[in-house]
Structures are given as structure tokens and as C-alpha cells.
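Structure assessment
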Amino acid sequence: MSTAETGFYSEIPDNPSKSNALPANDSIYETPCVQQKKLEDTKDTTVRGGLIALAIFLAMVIGLVVFGLVIIIQLQGEMRIMKEQLEHQENQSFARLKSLEENASQIIYSNLDEQQIQINQSVEDISSLNIFYENLAMRVIQDSEEVNSKLTEVQISLIQSIDDISSVNRSQQQLMKLVIQDSEAFNSKFDEQQIQLNQCIDDVSSLNSSHQQFMKSVIQGSPKNCKTVNREYAKISNTTGGVFDIYPELGDNPVEVYCDLVTDGGGWIVFQRRMDGTEDFYRGWNDYVNGFGERDKEMWLGLEKIHQLTKDESFELRINLEDFNGTTSYANYRNFSIASASENYTLLVGEYNGTSGDSLAPHNSMRFSTKDSDNERWLSRSCAEELRGGWWYNDCQYSNLNGVYYQDGRNDTKSVNWFGFRKYQALKFTEMMFRKNE
């Protein structure tokens, strides 16, 4: 065997089984040129993979840039729409103010100086709002220019070096954060301005309502009581009268009352009525102070209103009564008034005349009491709870017109009763009213 052959066999690994088969590793047959070629192919594959990954990354970055531009364009569009809406609202406000100015008379102008100041303030607020949004639009445009500058820098950085991609990505994230923060600040400021604008609209609406109320009082002649009302201006009308607004003092807000325009010459302000039992009169102190029920049905006008209407002048009181047999009677008291809240609305009545018998004089100078506010002189009992009503009780009563309404006309101390007329028998109809003494 030659020396070359001996060398060839010496490179073959040991074969423990002593078989003639060669090892499975084919590399022993590759020449150095073949191995070098495979190594180059592997490097080419790796480079191509890196370039593909780089291209994908560049596409993602460009997508983020485009997304930012789309958001900015949308924000600009929304701001234009908001500005147009605000201009439209401003035009409407100016048109409404102009209409008020053209239709008002000299008398109205003299009484609306304060409202005119409010209108001028509203116009100034709207002008300030318009200036704010114009400044805001300029700021957004400036921010847009800054964004475009940033995007240009990003593109240059991408071309210059792959290593700068991470830095560009961080800059992009910061830019998006600034855009979001600016958007949130804009929304917050816009909400504040919208609230101010709504307040301006409410002020104008309130001014319009005041104007209408004033015009109504001028047309009706501002009746001070039921003697000077005009039936044509009744809110609700029926055979005996109707519901009206009266103005006890010049410039005061109107008081809604039922006026009896028929009984004994009319001019009566009705402050109590029982007729069908639909209204619950077993109520607390606040209800009796403020009043309850509908003016043309079962109702109580309210102790505070009665006090305010009777505190300054002399009034007479009339009480109409009817039983379930249709028999009627009445009681008149020459002087009538209700004291203030500090005196628990003490009852004050004068000389009696009528057909029902005097069942109110025993309650004269008594304080008003309810189930939750016992102001009686006697501490041993609560007449308001015992008789289930609200009245000027005097241990306990000779009349109880705010008691329990019994439909069967039974004899019961808790009933709506007037002792001088039918003792404790339940009555079908009662009405208490007053008017100014002649």
C-alpha cells in the first residue's frame, strides 16, 4: 500500500464493529471550496433577513408618522366645526338682543337698565370666547408646523443611520403625548367656555322672561288685589271668579290667588277651600306655611302669604259653609289679619256678624299648630294630633275647618266642622276669604 493510501485510511474514524461501511458524515468528502461556498450563502441569508426586518421597522415608523398627521388634521377639522357653531350661536344671541332692543318701549328701557348691563356683559363674554378660540386655532397651527418639522427630522435621521431609529421612536412617543395633552387641555377649556356660554344663554332667557312678565303686568295694570283684577286675564275662570296674578307691592313678584268676584260684591282673596276631600289637610308645619293644593280646588294659600297680604292694611274675613243637605250659612269678621312667623302666625279677628254663629272668636289670639309643631297654650294635649288637622286650636276647638273630610256627613270632632252651624257634624263645603275694608 502506498503512502498516500495509508494517509487516507488513517483519517477514517475507528470502526469498532470492524465493518467496511464509512461514517455518515458527508463533510469528509467536501473540498475546501465547497465549504467556503456554503459559508458565504449563510452570510447572505443573514444579511437579507436583517434588511427585511429593517424594512418592516421602517414601515411601522412611517405608519406612526402618518397616524399622527391624521390625528392633527382631524383636530383641525373639529376646531373649525366648533368655531362655526360658536359663531352661529353668537349670531343668534346678537339677533335676539337686537330684537329686544327694537321691540322695547321707553318705559321698558327705564326698568331694564340692570338687565341691559347683563346683556352687555354677555356680549363681552362671547367676544372673549371668540378671541380665545382664534388664539387656540393659531396655537394648533403652530403645533402642526412643529410636528411637520419633527417628522422631517425623523426622515433625515432614518436615512442617516439605523442606530438613530430608537431615538426617533422616543421622539415620536413624546410628540404623541404632547398632542394628547394639548387635546385634553383644549377639551377642558372648551367645556369651561361652553358652561359660560350656557350661562349667558340662561341670562338672556331670564331677561326675556322678566321682560314678558313685566309686559304682562303692564297690560293687566298690575292689580294689587282681587278688587282690581280683570276677568279677561284670568289663568283659570269659573262662575264665581278665577285664578289671577296680583301685585301687592309695586315691583314685587306676582302672587297667584283665587279671586271670588261674585259673593257679596266680590273682591275676595280665597285662602282656604274644602269641597270633595281630594286634598290631605293633615300636614306638617312647612306645608301650612308655604301652602298646598290647586287654587281653584281644595287648597290652603299658606300662612306666610296670608301674613304678607294682611300685615299693612285693614281686612274683613268671610267664611262660607254648606252641609250635606245643601243648607248654607256664612260668618263675617270686620277685622282680620295673621301675625308673623315669629309669633307662630297668631290669629286676629274682630267683630262678628252672619248666620252661622260665632265659632272663631274662641280661637282669637291663638297661635297656629300642626301635628309636628304644637304651639297651643295647653301642654297637656296636642289638639292638632287629636283632631288630625292644622288650626288655631284653643284646648281644643269650636271650629276645625282643616280637619278630616268625611263624605258621609258624620258627627265627629275630627271632622270639618263649625260648632255654631252644625256642631260637630261634618260639612260638605267650606271657604275662607278676605278683602280690604272699605
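Residues numbered from 1 in each chain as written. Predicted model: local features only at pLDDT ≥ 70, side-chain atom pairs only at ≥ 80, totals over all residues. Heavy atoms only, no water.

**Details of a nonpolar patch on the surface**
Among the surface-exposed residues, Ile52, Ile56 and Met60 lie close enough to one another that they form a single nonpolar patch of about 320 Å² accessible area. Along the chain, the position of Met60 falls in helix H2 (residues 32-103). (Patch = residues over 30% accessible without salt bridge, like charges linked within 9 Å, V, L, I, M, F, W, Y side chains within 5 Å. Areas by Shrake-Rupley, 256 points an atom, 1.4 Å probe, with all protein chains shown as cover. Salt bridge = Lys/Arg side-chain N within 4 Å of Asp/Glu carboxyl O. Helix = DSSP H or I, 4+ residues; strand = E, 2+ residues; numbered from the N terminus.)

**Observations regarding unusual backbone geometry**
In the segment running from Asp395 into Cys396, the intervening peptide bond is cis, with an omega of -15 degrees. Counting through the fold element by element, Cys396 comes out in the loop between helix H8 (383-387) and strand E12 (399-400). Here the phi dihedral of Tyr345 falls at roughly 55 degrees; this positive angle occurs in a residue that is not glycine.

**Comments concerning the nonpolar core**
In this structure, Phe271, Trp300, Ile319, Phe336, Leu360, Trp392 and Trp418 are the most contacted members of the largest nonpolar core, which totals 54 residues. What Trp300 contacts, discounting residues up to four positions off in sequence, is Phe271, Gln272, Phe281, Tyr288, Gly291, Phe292, Ile306, Phe368, Trp392 and Asn402. (Core = buried A, V, L, I, M, F, W, Y, C linked by side-chain atoms within 4.5 Å. Buried < 20%, exposed > 50% of the residue type's maximum accessible area, 1.4 Å probe, protein only. Contact = heavy atoms within 4.5 Å.)

**Quick notes on the state of the cysteines**
Summed over all chains, the structure comprises two disulfides. Here Cys226 engages in a disulfide with Cys259; their sulfurs sit 2.0 Å apart. The chirality of the disulfide connecting Cys226 with Cys259 is left-handed, given an S-S dihedral of about -70 degrees. Taken as a pair, Cys226 in the loop between helix H5 (165-220) and strand E1 (236-237) and Cys259 in strand E3 (residues 255-260) lie far apart in primary sequence, 33 residues in all. When its relative accessible area of 2% is taken as the criterion, Cys226 is described as buried. Shown here is the disulfide that connects Cys383 with Cys396, its sulfur atoms set 1.9 Å apart. Negative torsions about the S-S bond denote left-handed disulfides, and the value of about -90 degrees found for Cys383 with Cys396 makes this one left-handed. Here Cys396 lies in the loop between H8 and E12 and Cys383 lies in helix H8, a separation of 13 residues in the sequence. Residue Cys396 is classed as buried on the basis of its relative accessible area, which comes to 8%. (Disulfide = S-S within 2.5 Å.)

**Some details on the pairing of strand E2 (residues 241-246)**
Taking burial as the measure, the six residues of E2 include six buried ones, the bulk of the element. Relative to E2, E1 runs antiparallel, the two being bridged by two bridges. Across the sheet, residue Ser237 finds its bridge partner in E2, namely Gly242. Linkage of E1 to E2, two consecutive antiparallel strands, is achieved through a turn of three residues. Where E2 and E3 come together, six bridges link them in antiparallel fashion. The residue bridging Asp245 from the neighbouring strand is Glu256, located in E3. (Pairing = 2+ DSSP bridges.)

**A closer look at the side chain of Ser340**
As for its position among the elements, Ser340 is in the loop between strand E9 (336-338) and strand E10 (347-349). Its relative accessible area of 19% is what places Ser340 among the buried residues. A distance of 2.9 Å separates a polar atom in the side chain of Ser340 from a polar atom in the side chain of Ser342. The residues contacting Ser340, other than those within four sequence positions of it, are His307 and Tyr345. (Polar contact = N/O pair within 3.5 Å; in protein donor to acceptor, adjacent residues only side chain to side chain.)

**Looking at the pattern of salt bridges**
By the definition in use, this model includes 16 salt bridges. For Lys297, the salt bridge is made with Glu294, and the minimal N-O distance between the two is 3.6 Å. Glu294 gets classed as partly exposed once you look at its relative accessible area, which sits at 46%. The closest approach of N and O atoms between Glu386 and Arg381, which form a salt bridge, is 2.6 Å. Each of the salt bridges in this network shares a partner with another, and the network as a whole consists of Lys235, Asp245 and Glu256.

**Quick word on the packing of aromatic side chains**
This model, assessed by the stated rule, comprises 19 aromatic pairs. Measuring from centroid to centroid gives 5.5 Å for Tyr288 and Trp300, while their planes differ by 70 degrees, and the two rings are edge-to-face. Of this pair, Tyr288 sits in helix H6 (residues 285-290) while Trp300 is found in strand E6 (residues 299-300), placing the two residues 12 residues apart along the sequence. Across this residue pair, the class does not change: Tyr288 and Trp300 are buried. (Phe/Tyr/Trp six-rings, centres within 6.5 Å; stacked < 30°, edge-to-face > 60°.)

**Topic: the confidence of the model for the protein chain**
Residues of the protein chain with pLDDT of at least 70 account for 76%, and the chain-wide mean is 81. Within the model, the stretch residues 1-29 combines pLDDT values under 50 with nine contacts to residues more than four positions away or in other chains. (pLDDT = per-residue confidence, 0-100.)

**Focus on the side chain of Asp412**
In this structure, Asp412 sits in the loop between E12 and strand E13 (417-418). Within the local environment of Asp412, its side chain forms a polar contact with the backbone nitrogen of Lys414, the two atoms lying 2.8 Å apart. In contact with Asp412, not counting residues within four places along its chain, are Tyr406, Asn417 and Tyr424.

**Observations regarding the pairing of strand E7 (residues 315-322)**
Of all eight residues in E7, seven are buried; the element is thus mostly enclosed. Pairing of E7 with strand E14 (residues 429-436) involves eight bridges; the strand directions are antiparallel. Directly across from Arg318, in E14, lies its bridge partner Met433. The sheet contact formed by E7 and strand E8 (residues 328-333) spans six bridges and is antiparallel. Paired with Leu321 across the strands is Ser329, a residue of E8. Between the end of E7 and the start of E8, which pair antiparallel, lie five residues, with Gly326 showing a positive phi angle near 90 degrees.

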